[in-house]
Amino acid sequence: MFSNRTNWKIKPNRLSLELESLNKKGAPLLDLTESNPTHCGFEFYKHLPLDGLANPENKNYHPSPQGLKKTRETVAAYYKEKNADLSSEQIILTAGTSEAYAFLFRLLVNPGDTVLVPAPSYPLFDFLADLNDVTLAPYRLSYDALWHMPFENPAYDAAADAKALIVVHPNNPTGSFLKQGELHALNQWASKQNAALISDEVFLDYGFDHSPDRVSTLAANTACLTFTLGGISKSLGLPQMKLGWIAANGPEKLLKTALERLEIIADTYLSVNSPVQNAAPEWLALRGHIQKEIMARLQKNKNFLAGKIKEAPACEMLAQEGGWYSVLKIPRTRTEEEWALELLKKDGVYIHPGYFFNFEKEAFLVLSLLPAEKVFQEGVNRILARTKA
Ligand SMILES: Cc1ncc(COP(=O)(O)O)c(C=O)c1O
């Protein structure tokens, strides 16, 4: 009856079963997995203008496959601030980044073709790949005080048939940005391979320092066919509005064909609703204000963790250049799942174990930096006390 691509083993793991049982009992929990910004007590929501959603223009329907021109122009202006000169014709609006991935997989990949993805990285890739008949080949990022692309990695070399390579810039959860030398090597690889680059930049605006060799954005990359993904779920803390985009660039002929085909894919669904497109320019103008508040929260929580970790010599906070998460290396005295279960049951702290993100080995914990300071600090204190115990 059902397709093979949806033949998932839908069985809750021990951690989700325990969480469900504690929630049923109404047990108070400190949730350090929380990455839904609307649940984290930010002030900017109180002042978010909603007039655009009530714009009388919304009573009309002007279907446009790529999205409304004025909204695409605002997105192009966002990239201009980052020294990437794009025309609005290179922007395609989508109902979030997941849809953007689906469009690109349909554009680039035949059933069974390979796409390279970073590891550790964003867990949703597996489902996005299954749903689009893509085979994923992970390329392992290596860590030695900073995260690096693995140019000698066998998976990366062996994927001679790969149609695309995904970069997450900065990566979730490692917070690492692509460097100029790495982009140069990727461009050489993609040109030789006739493959495309997909750069997921949903966390781009959340960088903690300004290292000179960091790539600003891949939206300006013309050396090979390049699709840069962004959206307001992270850049404006508005996941509920469901607006993302693809910024396409590359050699002229390839780019023209890609845009023609993407137009037809987008025209088939016309999925981005008009009220959001009408409201988005006003929201994007508030970017500085919104990001200031989110950045302050991320910085405060990150600094707290960096200070506290000094009192726990058995643990290490991995270097983090940006993003919404911190990675904690903890003693391998038990498995990550056992750590996570114990923290949940005994300490009322919910965290994600590293294996959710495909870390190569154990034991790592991933902490969201988004929760309110009080929640985050108490959660960290309990985690570190547990590792000492
Ligand atoms: C790396 C990465 N890409 C994309 C997304 C999803 O973005 P959107 O809400 O635009 O679909 C997430 C969500 O956490 C993410 O971590």
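Throughout this document, residue positions are counted from 1 along each chain, in the order its sequence is written. Only residues with pLDDT of at least 70 get local features here, since the model is predicted, and only at 80 or more are side-chain atom pairs given and counted; chain-wide, interface and lining totals rely on the full set of residues. The basis for every side-chain value is the complete set of non-hydrogen atoms in the structure, without hydrogens or water.

Caption draft 1: Region of the structure containing the pairing of strand β10 (residues 244–249). Remark: exposure states derive from per-residue accessible area (1.4 Å probe, protein chains only) relative to the maximum for the residue type, with buried under 20%, exposed over 50%, and partly exposed in between. Only DSSP runs of H or I covering at least 4 residues are called helices, and only runs of E covering at least 2 are called strands; the numbering of each starts at the N terminus. Taking burial as the measure, the six residues of β10 include six buried ones, the bulk of the element. Burial along β10 is two-sided: the residues Gly 244, Ile 246 and Ala 248 and Trp 245, Ala 247 and Asn 249 are all buried. Examined bridge by bridge, strand β2 (residues 91–94) and β10 share four bridges and lie antiparallel to one another. Bridging across to β10, Ile 91 finds its partner in Ala 247. Pairing between strands is defined by DSSP: at least two bridges between the two strands are required. With six bridges connecting them, strand β9 (residues 226–231) and β10 associate as antiparallel partners. Bridge assignment links Thr 226 to a residue of β10, and that residue is Asn 249.

Caption draft 2: Fine view of the layout of surface pockets. A pocket here means an open set of points on a 1 Å grid, computed over the protein atoms alone, that has protein on both sides within 12 Å along at least five of seven lines. A cavity is instead a set of points where a 1.4 Å probe fits but cannot get out; residues with an atom within 4 Å of a point line either one. Grid points are joined across faces, edges and corners, and a volume is the space filled by probe spheres set on the points. Estimates place the volume of the largest pocket at around 650 Å³. Taken together, 28 residues form the lining of the largest pocket, with Tyr 122, Leu 124, Asn 172, Lys 234 and Tyr 325 sitting closest to its centre. Among the elements of the structure, α3 (97–108) and α7 (232–235) are those that each provide at least two residues to the lining of the largest pocket. Amino acids are sorted into nonpolar (Ala, Val, Leu, Ile, Met, Phe, Trp, Tyr, Cys and Pro), charged (Asp, Glu, Lys and Arg) and polar (every other residue, Gly among them). Broken down by class, the residue content of the lining of the largest pocket amounts to 13 nonpolar, 10 polar and five charged.

Caption draft 3: Examining the sheet that holds strand β12 (residues 325–329) more closely. Within the open sheet, the four strands sit side by side as β11-β12-β15-β14. Their pairing is antiparallel. One side of each edge strand has no neighbouring strand; the edge strands of this open sheet are β11 (316–317) and β14 (352–353). Bridging between β12 and strand β15 (residues 364–368) involves five bridges; their strand directions are antiparallel. Bridging from a neighbouring strand, Leu 328 pairs with Leu 365 of β15.

Caption draft 4: How the structure looks around the sheet that holds strand β7 (residues 164–168). An order of β2-β10-β9-β8-β7-β3-β4 is seen for the seven strands of this open sheet, with the pairing classed as mixed. With partners counted over all chains shown, the strands left at the sheet margins are β2 and β4 (135–140), one partner each. Averaged over all adjacent pairs, the angle separating strand axes in this sheet is 25 degrees, with direction ignored. Pairing analysis gives two bridges linking strand β3 (residues 114–119) to β7, with the strands arranged parallel. Bridge pairing in β7 places Val 115 opposite Ala 164. Angular values range over 0 to 180 degrees, each being the angle between N-to-C directions of two axes fitted as lines to C-alpha atoms, with helices fitted over their stretch in contact.

Caption draft 5: Expanded view of unusual backbone geometry. Note that the residue after Ala 119, namely Pro 120, is joined by a cis bond; omega there is 0 degrees. Here Asn 83, not a glycine, exhibits a phi torsion of approximately 65 degrees, which is positive. Mapped onto the secondary structure, Asn 83 falls in the loop between α2 (69–80) and β2. Residue classification places Asn 83 among the exposed residues on the basis of a relative accessible area of 72%. Phi is positive for Asp 133, which is not a glycine, with a value near 60 degrees.

Caption draft 6: Up close: the pairing of β15. Where burial is concerned, most of β15 is hidden: five out of the five residues are buried. The alternating pattern of β15 places Phe 364, Val 366 and Ser 368 on one face and Leu 365 and Leu 367 on the opposite face, and all of these are buried.

Caption draft 7: Quick look at empty space enclosed by the protein. Summed over the entire model, instances satisfying the criterion amount to one cavity of 30 Å³ or more. In this model, the largest cavity occupies a volume close to 110 Å³. Taken together, 13 residues form the lining of the largest cavity, with Leu 141, Met 149, Ser 176, Phe 177 and Leu 178 sitting closest to its centre. Going through the elements one at a time, β6 (147–148) and β7 are the ones with two or more residues in the lining of the largest cavity. In the lining of the largest cavity, the residues fall into nine nonpolar, three polar and one charged.

Caption draft 8: How the structure looks around the environment of Glu 362. Position of Glu 362 relative to the elements: it lies in the loop between β14 and β15. Sequence separation between Glu 362 and Arg 334 is 28 residues, and the spatial gap between their C-alpha atoms is 9.1 Å. The contact criterion used throughout is that any non-hydrogen atoms of two residues lie within 4.5 Å. Not counting chain neighbours up to four residues away, the residues in contact with Glu 362 comprise Arg 332, Thr 335, Glu 336 and Tyr 355. In protein, a polar contact requires one atom able to donate a hydrogen and another able to accept it; more generally it is a pair of N or O atoms within 3.5 Å, and residues adjacent in sequence count only if both atoms are side-chain atoms. Of the polar contacts made by the side chain of Glu 362, one reaches the backbone nitrogen of Glu 336; its length is 2.6 Å.

Caption draft 9: Local environment of the site of the ligand. Gly 96, Thr 97, Ser 98, Tyr 122, Val 168, Asn 172, Asp 200, Val 202, Phe 203, Ser 233 and Lys 234 make up every residue found near the ligand. Interatomic distance of 3.0 Å between a side-chain N/O atom of Ser 233 and an oxygen atom of the ligand. The contact in question runs from an oxygen atom of the ligand to an N or O atom on the side chain of Lys 234, over 3.2 Å. Using a 1.4 Å probe, accessible areas were evaluated by the Shrake-Rupley method; residue-level cover was limited to the displayed protein chains. Relative to its unbound accessible area of 400 Å², the ligand is 88% covered by the protein chains. Neighbouring residues are identified by heavy atoms, a residue being near a molecule or strand if any of them is within 4 Å of it.

Caption draft 10: Structural context of the packing of α2 against helix α9 (residues 274–284). Between α2 and α9, the least distance of the axes is 8 Å, while the angle of their chain directions is 25 degrees. Relative to α9, α2 is oriented roughly parallel. The way α2 lies across α9 gives a crossing that is left-handed. Counted together, Lys 70, Thr 71 and Thr 74 of α2 and Gln 277, Asn 278, Ala 280, Pro 281 and Leu 284 of α9 form the full contact between these two elements. Split by residue class, the contact of α2 with α9 holds three nonpolar, four polar and one charged. By the definition adopted for this analysis, an angle is roughly parallel if under 35 degrees, roughly antiparallel if over 145, roughly perpendicular if from 65 to 115, and oblique otherwise. Take the far helix as your reference; a near helix turned counterclockwise from it by less than a right angle gives a left-handed crossing, and one turned clockwise gives a right-handed crossing.

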